[in-house]
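A structural walkthrough
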Amino acid sequence: IVSNMLAKSTRIAKPAPQLPINHEDIDKTEARLLKGPTSEAWKKVGVKHHYGICVPLFGLKTEQSRGIGEFLDLLPLADFCESIKMDVIQMLPLNDINTDNSPFSPISCFALNPLFLSLEKLPHADQATDEMKQLMSELQGLNSSLRVDWVSVREKKEKWMREYLKLQTVKTSVLTSQEYSSFKESNKYWLPSYSLFYTLKRKNNLAGWVDWPETKELDQAAKDEKLSSIQETKQYQALTRVDWVSVREKKEKWMREYLKLQTVKTSVLTSQEYSSFKESNKYWLPSYSLFYTLKRKNNLAGWVDWPETKELDLAAKDGKLSSIQETKQYQALTKEYAEAMEFYQFQQYCCDLQLSAAKKYAESKGVWLKGDVPFLCSGDSADVWVHRDLFQQGYSAGAPPDMYSKDGQDWGLPLYNWSAMDLDNFTWWKQRLQVASKYYTLYRIDHIVGFYRVWAVPKGKKASEGGYQPQDKALWIPQGERILRIMLDASKMLPIGEDLGSIPKEVYLNLQKLGICGTRVLRWERMWENKEQGQPFIPVADYIPDSMSTVSTHDSETLPLWWLLKQDEAKAYCQHRRWSYRVQDLKGQPPKEYQYHLENQNQKIVGKTMPVPYLQDILREANTSSSLFHIHLLSEYLALVPPTTDEEGLIHWDPNLERVNIPGTVQSSNWSYRMRPSISTINQHQVLKDLMLKSRESVQADISPLPERKPHVYERQYSTQLPTKLRVLPGRSYPLGATWDGAGVNFAVFSENGYKAYLCLFETPESKTESHRILMPEYDDFVHHCYLPDLRPGQLYGYRIEGDWDPLNGLRFNSNKVLLDPYAKSIGRDLQWHDSLFPYNIQSPSPHKYLEMNTEDNSSFCPLAAVVDNSFTWGNDHPPNVPWHRTVIYEAHVKALSFQHPDVPEHIRGTYAGLCHESIIAHLKKLGVTAIELEPIHHHVDEKPILDKGLVNHWGYNTLSFFAPDLRYCATRSVLGAVHEFKTMVRVLHSHGIEVILDVVYNHTAEGNHYGAMFNLKGCDNLAYYKTPEGDPAYYFDYTGCGNSLNVRHPRVLQLIMDSLRYWIQEMHVDGFRFDLASALARQFHDVDKLSAFFDIIHQDPVISRVKLIAEPWDCSSGGYQVGNFPVLWTEWNGRYRDSIRGFWNGKGVSLGEFATRVTGSSDLYTAESGRSALSSINFVTCHDGFNLLDLVSYNEKHNDDNGENNNDGANDNHSYNHGCEGSTDDSGINEFRWRQRANFVATLFLSLGVPMILSGDELSKTQNGNNNTYCQDNEITWLDWDLYDDEDEFLQFTSKMIKLRKSHAVLNRRRHLKGEVNGVKDVTWYMPEGHEPSYDDWHNTTKQALGFVMDGDAIVDLSHTGQVHKGETILVLVNAQFFDVNFKLPAHHSGKHWQLLISTDRALKNQCGTSVFQPSSSFTLKDHSISIFHLYAPINQSRANLFRSVNLRKSQDSV
């Protein structure tokens, strides 16, 4: 639908992709734009809302116009804009054009169109001859034409200008002119000596000066007088005086005779201003004027067919010249046609005077002129003729085949040769923009995507045989950004890009990075991919600020014409606005001038228009968008005053006449629009001015912000007006939830103890109550169900369940409450906290108020579900299936990860889209991460007590829906957008080999205990869904500290969890789950049972059992700490590992034996007899809960005051150590110690057998200021800071190196526990610093904190699935957690090789890593609190000896 707006005659419209959504207020927008490359331009115009009109200059009309709009018509138009508080006038390109009249096919990209000259305002125009006066009269007669008559205007204006040029002559003497005197004075250094030299040379018959008698005389004089130059001699002065006077006398006598016959042009032509104009435009003006002269000489033929072109090309080829301008023939042509060229140069000077004056006047009125710079250039233009090396004439621009043009499009315009332009330092573009900047403050960059990539059609080939240039998509953004930055540097104009059509999303993001506004056409801003939902319109509040909103373009129908001709689209918009479509008939009969047939136009619409209130409201909506610029066609404002028989009105009776151009057609009506009233008429039309001012009445001062503390309200992606009566069919009891099958929606909800269920349908998120309440007619297997064929995806709904209110017996049914579907796959409206959300009377003073039923209806405040369409283009997506022994987990929060990343576009920071942005992906891959474990993304509830403190539930462990992705992390903020955006994130991460693991919370819900609110499960069936004490069901078991626990014993609750897990695997393609407080799920009655039904079902499930399953093996009740007790298939967060490794390095008395056990895979916890291995252990030092890594070495105590709980929350025992100062410090010694300790933790983690997990931000040296419970801190405390100092960057590099080391050494990727000895080789050998193996006392004496161990690569028994033996290098690790340096005796290896230092946490050894080699039994000093890692290294001579032995052995084997 959306057109690629180049306005060439062969271009066809295309749909626009969905663009970024606005999340900014005006202050953030201003700060961002004023930091970018367009900052100076923004400072001039201001980062604020701008309003303006768009009109082609040729369409303007005043009483003085001559059949076409003129430059000086902009003056009264600026007065009009000032009177209605508009500050932008946008025009189409004003360049000189070819005979096709298209402003987008200029004959020069520099020259202005002289047809826009206001002739009577030129200097000395009052001296017009009779012939000129007659021409002026004829031009005045054209002013009443309905369209521009280009042929007549061009013919008459050019004749007038040629006569005008003749007036600019008087007789004078060049030799006595001021200019001639100034010339001689400014060139006195060389001119006298040159003229004397030439005079003497002619006198001596052109002989060389060495042989002149005058030279000998002058040399002798200089020698005698000891002078440095002959010019200082008296003889030289004498020669000058005598000969110059003689020559002057003779020349002047001849010139006086010559002047009797000739005239020298003066007045304007000899003015200093005219000379300066030509000088400042010498890059393009001479070539343009010569081109035009030769074009007229050759009867307007294309330059390819000129004989002059052939002659110039041959000369350039013979002389091996890069341009025809360098040839002698070209210079000869400029001399031959100098007088003819003068006419075209003179015209350009006049254009410059008038357009510059118009700009100056407009700015004095507070109005900016906005020009238009076409992307492409006509092949038959002065630019291509002269600069052929800058264009690819073997290709033309076009568009690829698509659903709108099966054969593609060829626009016939040459491509730029960017390489040649680069060699020329882009001079052509720089000059072009510098010229344009004289006339405009802003400019439209036409087809801006072309700077990134363009469809190139080879000459003589079909459009379908073309391809994109550049071919490599990876080059698109770098190329476009570089060229645009050069353009931005070339002028101080503010660009606004035409980014309509099929544009890669990366281009939108790059334009935003550059501060270049895009274009939003309100009627085309729809979610085109969502066909099933009616391709809904995007709310104007979601437009990004750096954009220009409009309702039409010069290439589209005007809004009234669109309303009449594109009724399907207009009706869709009516549905969006809840209007009924209708057409307004103009009163009376059209005047006679409209009784004609316009070619290819629909005559049935003459005398019709759209209702004025609709038009005004659409303009108002566009003007209240979040865009900074709001510019509409002037004709659409004029349509607010339509004509009638009694009133002339301001638009034509035939709406076809209001259209500027019809792309894809060649007809005389294109580019010939003329406004019906004159500018003076609209200047005096107070009704129009009032209507235009009212169209901006509801404009807000700030761009719509994303509410942070208010409930989230999300727009549906389409809007429907449901019929009064809906068809209700029985439907099916499975699957549960709302299921769209392509023809209708099936609803099914479980309630074992409820009597009746009602389906409640809501029109919009703002609806106060349901529009339809439908009794669900069928009830099977405790499931109420029905099928509605009249509903579509996006429909908002909830349920009301009737049953007993008997809290003492665990029954809490309350039909006054609309309930969220437990299977809701998208949240259509978030909850808004209100007393009506509670099932009991919360205001009652009774201590047993939870027994009193609350009858207040909650439908205005409850959360609502939305029907989803699960269709998505997954392409070739497949799970990476990274094996556990190769897995590196990165725990992260969706928002915190990208919210402050400078390279992630601001509108997607903190979202699913931001998480899969290329800069985040690059970081993860550079780090070496294979899986990202996301903190909860199920839609959650912000608890009211937290909100009352001005905080939010940042972590999200308070689930509202087990199926719906949290809309807080959706960049589009649309109902179905969250599902699509999450899937896109997964697909992108998978394409880079990164798995997605979700942190899921099935142990409790957001409904709390008996004093909690009612959102869904309590009202659907409290007894079935929640675990209640035996004999006292008024209360809840609480194993989680959050008020309730799910009743996993009940089959329907188990089904809910399993259906949710399968949905995320099969529909959302996730790769695994981390189960929060997993022990709570395994409690059959009270005790944790690893053989519970929950585990049984998961183990037998063919879908769930194949993904990564991670348990947090504890809960908050007694007996809940179950580390090591989960069954096979499960891995566990190893809390023992965390505590032991922290305690060892931070001096908490952890023995060498405990340290060694954790490092080698915790075989005491995950025994081989139980079917488990080291890979059952998820090793971690930090996670989201507790201190992060920098705080672990910086604080002894927690500092949680920001949480508003008087520092009573969070764990008190953190196994941390501040190393001499609480919190941050400038002490370099302490900071170095802390850096080394963090490196020790990282090194230990990646040297340990098992599965390593790091906390997002630890690698960036992130601090939480001592807060070890940041669950409610959605701010800088949790957001990652990507601005790194040198030490922080070095730590990032160290972390990456350790992960790389782990991946490259098979001894660290074992799939089995250590065996002790394999084929006579120990898999691990332990050493004390003295060189002996540890004794029993060494292992258990907590004062001994130094240890070495060798992991031998020859002792691996692991086989791959193909039977390949995993072998690797042998490594030596030395560990020192003492407070003093330790000397280690390096062990000998059976291979006889030496040890080479690989990595050390002691930065003093940084330069020795990878270079220093140590012999066995030599001493190595290990700094306190550090780790050094070595691998075997063979000296050169030993390597050669081994090589020779290998060769001899191979020869012996061959002979056998």
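Scroll up for the structure.
Here is a short report on the structure shown in this document. (Residues numbered from 1 in each chain as written. Predicted model: local features only at pLDDT ≥ 70, side-chain atom pairs only at ≥ 80, totals over all residues. Heavy atoms only, no water.)

Moving on to the overall build of the chain. The secondary structure content of the chain amounts to 40 helices and 45 strands. For the chain, the proportion of contacts with a sequence separation of at least 24, taken over those separated by at least 6, is 74%. (Helix = DSSP H or I, 4+ residues; strand = E, 2+ residues; numbered from the N terminus. Contact = heavy atoms within 4.5 Å.)

Quick look at the environment of W874 now. Topologically, W874 is positioned in the loop between β27 (864-866) and β28 (889-892). Excluding residues within four positions of it along the chain, W874 makes contact with K983, V986, R987, E1067, M1068 and H1069.

Taken in spatial order, the 5 strands line up as β20-β19-β23-β27-β26 in an open sheet, and their pairing is antiparallel. Looking along the sheet, the strands with just one partner apiece sit at the ends: β20 (772-775) and β26 (827-829). Adjacent strand axes in the sheet meet at a mean angle of 40°, parallel and antiparallel pairs treated alike. Sheet analysis places strand β19 (residues 756-762) next to β20, joined by 4 bridges and oriented antiparallel. Paired with L759 across the bridge in β20 is I774. (Pairing = 2+ DSSP bridges. Axes fitted to C-alpha atoms, helices over the stretch in contact; angles between N-to-C directions.)

Before going further, it helps to spend a moment on the layout of surface pockets. Here the second largest pocket defines a volume of roughly 1200 Å³. Taken together, 49 residues make up the lining of the second largest pocket; nearest its centre are W955, T1040, G1041, C1042 and N1269. Counting only elements with at least two residues in the lining of the second largest pocket, the list comes to α29 (944-948) and α34 (1135-1145). When grouped by side-chain class, the residues that make up the lining of the second largest pocket number 21 nonpolar, 14 polar and 14 charged. (1 Å grid on protein atoms, 1.4 Å probe; cavity = no way out; pocket = protein on both sides within 12 Å on 5 of 7 lines; lining within 4 Å. Points joined across faces, edges and corners; volume = space filled by probe spheres on them. Nonpolar A, V, L, I, M, F, W, Y, C, P; charged D, E, K, R; others polar.)

Let us now look at the packing of aromatic side chains. In total, this model carries 82 aromatic pairs according to the counting rule given. An angle of 15° between the planes, with centres 4.7 Å apart, marks the rings of Y292 and Y344 as stacked. Separated by 52 residues along the polypeptide, Y292 in helix α11 (residues 285-297) and Y344 in helix α14 (residues 338-364) bring together distant segments of the chain. On the basis of relative accessibility, which here comes to 3%, the residue Y344 falls in the buried class. Measuring from ring centre to ring centre gives 6.3 Å for W562 and W563, while their planes differ by 65°; the resulting arrangement is edge-to-face. (Phe/Tyr/Trp six-rings, centres within 6.5 Å; stacked < 30°, edge-to-face > 60°. Buried < 20%, exposed > 50% of the residue type's maximum accessible area, 1.4 Å probe, protein only.)

Structurally, the position occupied by E569 is in helix α21 (residues 567-577). Within the buried set, E569 has no salt-bridge partner at all; the shortest N-O distance to an opposite charge, 4.3 Å, is to K566. (Lys, Arg positive; Asp, Glu negative; His and termini not counted. Salt bridge = Lys/Arg side-chain N within 4 Å of Asp/Glu carboxyl O.)

Our next topic: the packing of helix α5 (residues 150-167) against α14. Contact geometry for α5 and α14: axes closest at 11 Å, N-to-C directions at 100°. Taken together, the axes of α5 and α14 are roughly perpendicular relative to one another. Together, E158, M161, R162, Y164 and L165 of α5 and F343, Y344, F346, Q347 and C350 of α14 make up the contact between the two elements. Grouping the constituent residues of the contact of α5 with α14 by class yields 7 nonpolar, 1 polar and 2 charged. (Parallel < 35°, antiparallel > 145°, perpendicular 65-115°, else oblique.)

Ordered in space as β7-β6-β9-β10, the 4 strands form an open sheet in which the pairing is antiparallel. Two strands close off the open sheet at either side, each with one partner strand: β7 (409-416) and β10 (467-469). Direction aside, the axes of adjacent strands within the sheet are offset by 55° on average. Across 3 bridges, the pairing between strand β9 (residues 454-458) and β10 is antiparallel. Across the sheet, residue A456 finds its bridge partner in β10, namely G467.

With that settled, consider the packing of helix α37 (residues 1228-1247) against helix α38 (residues 1286-1304). Helix-helix packing: each pair is described by the crossing angle between the helix axes and the interaxial distance. Where α37 contacts α38, the two axes come as close as 9 Å, and the packing angle between them is 15°. Relative to α38, α37 is oriented roughly parallel. Crossing geometry of α37 relative to α38 is assigned as right-handed. Contact with α37, carried on its side by W1235, R1238, A1239, V1242, A1243, L1245, F1246 and L1247, involves D1287, E1290, F1291, F1294, T1295, M1298, I1299, L1301 and R1302 of α38 and no other residues of that element. (Left-handed = near helix turned anticlockwise from the far one by under 90°.)

Note that L1301 resides in helix α38. Sequence separation between L1301 and L1247 is 54 residues, and the spatial gap between their C-alpha atoms is 8.7 Å. Leave out the neighbours within four places in its chain, and L1301 touches L1247, L1308, L1398, I1399 and I1429.

Once that is clear, we can look at the pattern of salt bridges. Scanning the model with the defined rule gives 63 salt bridges in all. Among the salt bridges present, the one from K295 reaches D380, with a minimum N-O distance of 2.5 Å. One end of the pair, K295, is in helix α11; the other, D380, is in the loop between β5 (368-373) and α15 (382-386), and 85 residues separate them in sequence. For the salt bridge of D1424 with R1236, the shortest nitrogen-to-oxygen distance reads 3.3 Å. Highlighted residues: D1424 in the loop between β44 (1419-1422) and β45 (1426-1433) and R1236 in helix α37, separated in sequence by 188 residues. For the pair formed by D1424 and R1236, the shared burial category is buried.

Our next topic: helix α32 (residues 1051-1067). Here α32 spans 23 Å end to end across 17 residues, near enough to the 24 Å set by a 1.5 Å rise per residue. Within α32, 13 of the 17 residues are buried, which leaves it mostly tucked inside the rest of the structure. At the C-terminal side of α32, H1069 shows a positive phi close to 65°. (Expected span 1.5 Å × (residues − 1).)

All buried positions along helix α1 (residues 26-33) are accounted for by I26, T29, R32 and L33. Buried residues along α1 cover an arc of 130° about the axis, so they all sit on one side. For α1, the elements touching its buried residues are α2 (39-45) and α19 (505-514). (Arc of directions from axis to C-beta.)

Another aspect to go through is unusual backbone geometry. Cis geometry is adopted by the peptide bond preceding P470, which originates at Q469 and carries an omega value of -5°. Assignment of secondary structure puts P470 in the loop between β10 and α18 (476-490). In the segment running from Y734 into P735, the intervening peptide bond is cis, with an omega of 0°. Relative to the assigned elements, P735 resides in the loop between α25 (686-694) and β17 (737-740). If you check the backbone angles, N299 has positive phi at about 55° while not being a glycine. Here N299 is to be found in the loop between α11 and α12 (307-318). A positive phi is found at H447, a non-glycine position, where the angle reads about 45°.

When a protein is soluble and globular, its nonpolar side chains tend to lie buried together. By size, the foremost hydrophobic cluster in this structure holds 178 residues, and its most contacted members are F747, I932, F1073, F1075 and F1094. Among the elements that make up this core, the one with the highest residue count is α32 (9 residues). Judged by nonpolar contacts, the second largest core, of 164 residues, contains L119, L333, M341 and V373. (Core = buried A, V, L, I, M, F, W, Y, C linked by side-chain atoms within 4.5 Å.)

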